[in-house]
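Chain and residue survey
Single-letter residue listing:
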Amino acid sequence: MNLIVAVDRNWAIGKDNKLLVSIPDDMKFFRETTTGKVVVMGRKTLESFPNGKPLKNRVNIVLTRDNNYMVNDAIVVHSKEELQKELEKYSSDDVYIIGGESIYRMMLDDCSRAYVTYVDYAYDADTFFPNLDEDAAWTLAEESEEQTYYDIEFYFRTYTK
């Protein structure tokens, strides 16, 4: 299983249920990497998308504790066990955990590859991703050359376990 995330230098991922920064090349990488695949997210992540709609051309799985929660064009599950049972239907190579913080933390140990867009800036944030550089289980396998978007410097990193 994979995860895909954009973090700042403090491994922050968001504030007020929004991304910290929108970088077109990061959005393009996310779209190209996950199109045709399975994306797993929490309810708040889904609701942060335009019009709160699932992502097109992907199997969207939403994990929420709200037993009454329903959304068109997505599979809704209510526990990690229910999620794991649903994921048995797919190749684990095709599954991407896309957030938010609690879903990342819950599923991190089940993932073997992490696609991290590392933004070399510290933003004001209220949600964070575990720092893979400090986790002995994870190894930085690949890092792009420095990328820039206006005055933002960022890197595409791949970590493996």
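Residues numbered from 1 in each chain as written. Predicted model: local features only at pLDDT ≥ 70, side-chain atom pairs only at ≥ 80, totals over all residues. Heavy atoms only, no water.

For the rest of this paragraph, the subject is unusual backbone geometry. Trans is the common state for peptide bonds, and a negative phi is the common state for residues other than glycine. Residue Gly-100 follows Gly-99 across a cis peptide bond; omega there is 0°. Secondary-structure assignment places Gly-100 in the loop between strand 7 (95-99) and helix 4 (101-107). A positive phi angle, near 60°, is found at Asn-51, a position not held by glycine. Within the secondary structure, Asn-51 sits in the loop between helix 2 (43-48) and strand 5 (59-63). Of note in this structure, Tyr-150 is not a glycine but carries a positive phi near 55°. Among the secondary structure elements, Tyr-150 is positioned in the loop between strand 11 (147-149) and strand 12 (152-160). Judged by its relative accessible area of 73%, Tyr-150 is exposed. (Helix = DSSP H or I, 4+ residues; strand = E, 2+ residues; numbered from the N terminus. Buried < 20%, exposed > 50% of the residue type's maximum accessible area, 1.4 Å probe, protein only.)

So, about the sheet that holds strand 9 (residues 127-128). As a general point, the strands of a sheet are linked pairwise by backbone hydrogen bonds and lie either parallel or antiparallel. Pairing is antiparallel in the open sheet, where three strands are placed in the order 3-2-9. If you trace the sheet from one side to the other, it starts and ends with strand 3 (18-19) and strand 9, each paired once. Pairing of strand 2 (residues 12-15) with strand 9, which is carried by two bridges, proceeds in the antiparallel orientation. Following the sheet pairing, Gly-14 is matched in strand 9 by Thr-127. (Pairing = 2+ DSSP bridges.)

Our focus in this paragraph is the pairing of strand 5. Counting buried positions along strand 5 gives four out of five residues, so the element sits mostly inside the fold. Following the backbone out of strand 4 (residues 38-42), through helix 2 and into the adjacent parallel strand 5, one traces a crossover that is right-handed. Judged from the three bridges that link them, strand 5 and strand 6 (residues 75-77) form a sheet pairing that is parallel. Looking across to strand 6, one finds that Ile-61 is bridged to Ile-75. (Right-handed = clockwise from strand over helix to strand, strands pointing away.)

Another aspect to go through is the pairing of strand 1 (residues 2-7). Within strand 1, five of the six residues are buried, which leaves it mostly tucked inside the rest of the structure. Pairing of strand 1 with strand 7, which is carried by two bridges, proceeds in the parallel orientation. Across the sheet, the residue bridging to Leu-3 is Ile-97, located in strand 7. With six bridges joining them, strand 1 and strand 8 (residues 113-119) adopt parallel strand pairing. If you follow Asn-2 over to strand 8, its bridge partner there is Arg-113.

Quick look at the packing of aromatic side chains now. Tallying each qualifying case throughout the model produces 10 aromatic pairs. The interplanar angle of 35° and the centroid separation of 6.1 Å between the aromatic rings of Tyr-96 and Tyr-115 together place this pair among those described as tilted. Here Tyr-96 is found in strand 7, whereas its partner Tyr-115 is found in strand 8, with 19 residues between them in sequence. A relative accessible area of 17% places Tyr-115 in the buried class. Each ring, one from Tyr-149 and one from Tyr-150, has its centre 4.8 Å from the other, and the planes form 70°; the classification is edge-to-face. Note on Tyr-149: relative accessible area 29%, which makes it partly exposed. Members of the aromatic cluster, each reached through a chain of ring pairs, are Trp-11, Tyr-104, Tyr-118, Phe-129 and Tyr-159. Above the face of the Tyr-118 ring, Arg-157 is positioned so that its terminal group lies 4.0 Å from the ring centre. (Phe/Tyr/Trp six-rings, centres within 6.5 Å; stacked < 30°, edge-to-face > 60°. Lys NZ or Arg CZ within 6 Å of the ring centre and 35° of its normal.)

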